[in-house]
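One-letter residues, chain by chain:
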Amino acid sequence: WCSCSLGGAACAAAPAAFSLAAWPAPCRARPPLPLPVFSWQAMVELVVPLAATVLVVQNGQGIAVLRATGHEPPINAITTVCGLGSLVTACVGAVSTCLTGPVNAIITGSGERKRHYTAGILVGVLALGFGLLSPLFTQLLLATPRPFIGALAGLAMLRVLQTSFVVSFSGKFTLGALVTFLVTVADVPIFNVGAAFWGLVFGFAASWLLERKDFAK
């Protein structure tokens, strides 16, 4: 797939497909420093769903991926660090800090297990670089044809999806895994909470009702 990606990059760089007409003047990010405004409505509508999404869905996916590859992630330490990181990034209007499943799946998708930490360090360094130069990379992505971005992302996730399907449907709770997958793919939010959270809820309910024998093993 590397040759396909290089070929696609060459096609995307063609003048007819790649346009930088609205190139931004600054290339480095200048994060704003908004003053916090507290609201009970925002706390109910945003904080509770986001907390459930970060703690249950995102961190849960990351921990499950790491455990599937033989690692033993410290759950309490991860939760604490993610919470402290979210407090810092909230000051500049950034997203919450969490242990995402797809990124960890890419990091642990190949190579020796004892060397996976090097991939994690590299991803962190690249994330800092992309963050500091976010206006530049944002404009590059906006100027790149959408089909090429979709194809590149799909190729990057192939091995991740393969590993996820093998782990999910080769052991216990296969029906629950299927329900979780279908509800998440449906992408229908309920009570302003994303489908990923409800996928876990309905998947657990399906396993609790129809796969009771797997809980006893």
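The rules behind these values
Residues numbered from 1 in each chain as written. Predicted model: local features only at pLDDT ≥ 70, side-chain atom pairs only at ≥ 80, totals over all residues. Heavy atoms only, no water. Helix = DSSP H or I, 4+ residues; strand = E, 2+ residues; numbered from the N terminus. Contact = heavy atoms within 4.5 Å. Areas by Shrake-Rupley, 256 points an atom, 1.4 Å probe, with all protein chains shown as cover. Axes fitted to C-alpha atoms, helices over the stretch in contact; angles between N-to-C directions. Parallel < 35°, antiparallel > 145°, perpendicular 65-115°, else oblique. Left-handed = near helix turned anticlockwise from the far one by under 90°. Nonpolar A, V, L, I, M, F, W, Y, C, P; charged D, E, K, R; others polar. Buried < 20%, exposed > 50% of the residue type's maximum accessible area, 1.4 Å probe, protein only. Disulfide = S-S within 2.5 Å. Phe/Tyr/Trp six-rings, centres within 6.5 Å; stacked < 30°, edge-to-face > 60°. Lys NZ or Arg CZ within 6 Å of the ring centre and 35° of its normal. 1 Å grid on protein atoms, 1.4 Å probe; cavity = no way out; pocket = protein on both sides within 12 Å on 5 of 7 lines; lining within 4 Å. Points joined across faces, edges and corners; volume = space filled by probe spheres on them. Polar contact = N/O pair within 3.5 Å; in protein donor to acceptor, adjacent residues only side chain to side chain.

Visitor: It is not clear to me how the overall build of the chain should be interpreted in this structure. Could you clarify?
Guide: A count of helical and extended segments in the chain gives 10 helices and 0 strands. Secondary structure elements in the chain, listed N-terminal to C-terminal, are α-α-α-α-α-α-α-α-α-α. For the chain, the share of sequence-separated contacts (at least 6 apart) that also reach a separation of at least 24 residues comes to 66%. In the form shown here, the chain has an accessible surface area of approximately 14900 Å², with 73% of it arising from carbon and sulfur atoms.

Visitor: Hey, could you run me through the packing of helix 2 (residues 40-68) against helix 3 (residues 75-90) in this one?
Guide: Any two packed helices are characterised by the angle at which their axes cross and by the distance between the axes. The interhelical angle for the contact between helix 2 and helix 3, taken along N-to-C directions, is 135 degrees, at an axis separation of 12 Å. Viewed along their axes, helix 2 and helix 3 adopt a mutual orientation that is oblique. Seen along the crossing, helix 2 lies across helix 3 with a hand that is right-handed. In contact with L55, N59, I63 and R67 of helix 2, helix 3 contributes I75, I78, T79 and C82. Split by residue class, the contact of helix 2 with helix 3 holds 5 nonpolar, 2 polar and 1 charged.

Visitor: How should the side chain of S207 be read in this particular structure?
Guide: By the element assignment, S207 lies in helix 9 (residues 195-210). With relative accessibility at 4%, the residue S207 sits in the buried group. When near neighbours in sequence (up to four residues on either side) are disregarded, S207 contacts F173, G176, R212 and F215.

Visitor: Could you clarify how one ought to interpret the state of the cysteines in this entry?
Guide: Joining two cysteines, a disulfide is a covalent bond between their sulfur atoms. Scanning the entire structure with this criterion turns up 0 disulfides. There is no disulfide at C82, and the cysteine sulfur nearest it, in C98, is 6.5 Å away. Take C98: its relative accessible area is 24%, and that puts it in the partly exposed class.

Visitor: It is not clear to me how the packing of aromatic side chains should be interpreted in this structure. Could you clarify?
Guide: Geometrically, a pair of aromatic rings is defined through the distance of the ring centres and the angle of the planes. What the rule picks out here adds up to 5 aromatic pairs. One aromatic cluster in this structure is built from F165, F169 and F181. Directly above the aromatic system of W208 lies the positively charged group of R212, at a separation of 4.2 Å from the ring centroid.

Visitor: What is the right way to read the layout of surface pockets from this model?
Guide: Where empty space is left can be seen by rolling a probe of water-molecule size over the atoms. Quantified by volume, the largest pocket comes out at close to 1700 Å³. In terms of lining residues, the largest pocket is bounded by 42 residues, among which V103, V123, G124, L126 and A127 are the most central. Broken down by secondary-structure element, the contributors of at least two residues to the lining of the largest pocket are helix 4 (101-107), helix 5 (116-132) and helix 7 (146-168). In terms of residue count, the dominant contributor to the lining of the largest pocket is helix 5 (13 residues). Classifying every residue of the lining of the largest pocket gives 26 nonpolar, 15 polar and 1 charged. Approximately 1300 Å³ is the volume found for the second largest pocket. The wall of the second largest pocket is formed by 36 residues, among which Q61, A64, S164, S168 and T180 lie closest to the centre. Listed by contribution, the elements that provide at least two residues to the lining of the second largest pocket are helix 2, helix 4, helix 7, helix 8 (174-186) and helix 9. When the residues that make up the lining of the second largest pocket are grouped by side-chain class, the tally is 20 nonpolar, 15 polar and 1 charged.

Visitor: Mind showing me how you'd approach unusual backbone geometry here?
Guide: Peptide bonds are mostly trans, and most non-glycine residues show a negative phi. Residue F173 is not a glycine yet carries a positive backbone phi of 60 degrees. Looking at where F173 falls in the secondary structure, it is placed in the loop between helix 7 and helix 8. Residue F173 is classed as partly exposed on the basis of its relative accessible area, which comes to 26%. Of note in this structure, D187 is not a glycine but carries a positive phi near 60 degrees.

Visitor: Is there a simple way to think about the side chain of T144 in this case?
Guide: Structurally, the position occupied by T144 is in the loop between helix 6 (134-143) and helix 7. Among the residues examined, T144 registers a relative accessible area of 14% and is labelled buried. Here the side chain of T144 touches L140 through a polar contact of 2.6 Å, landing on its backbone oxygen.

Note that all results are geometric; they support no functional claim without further evidence.
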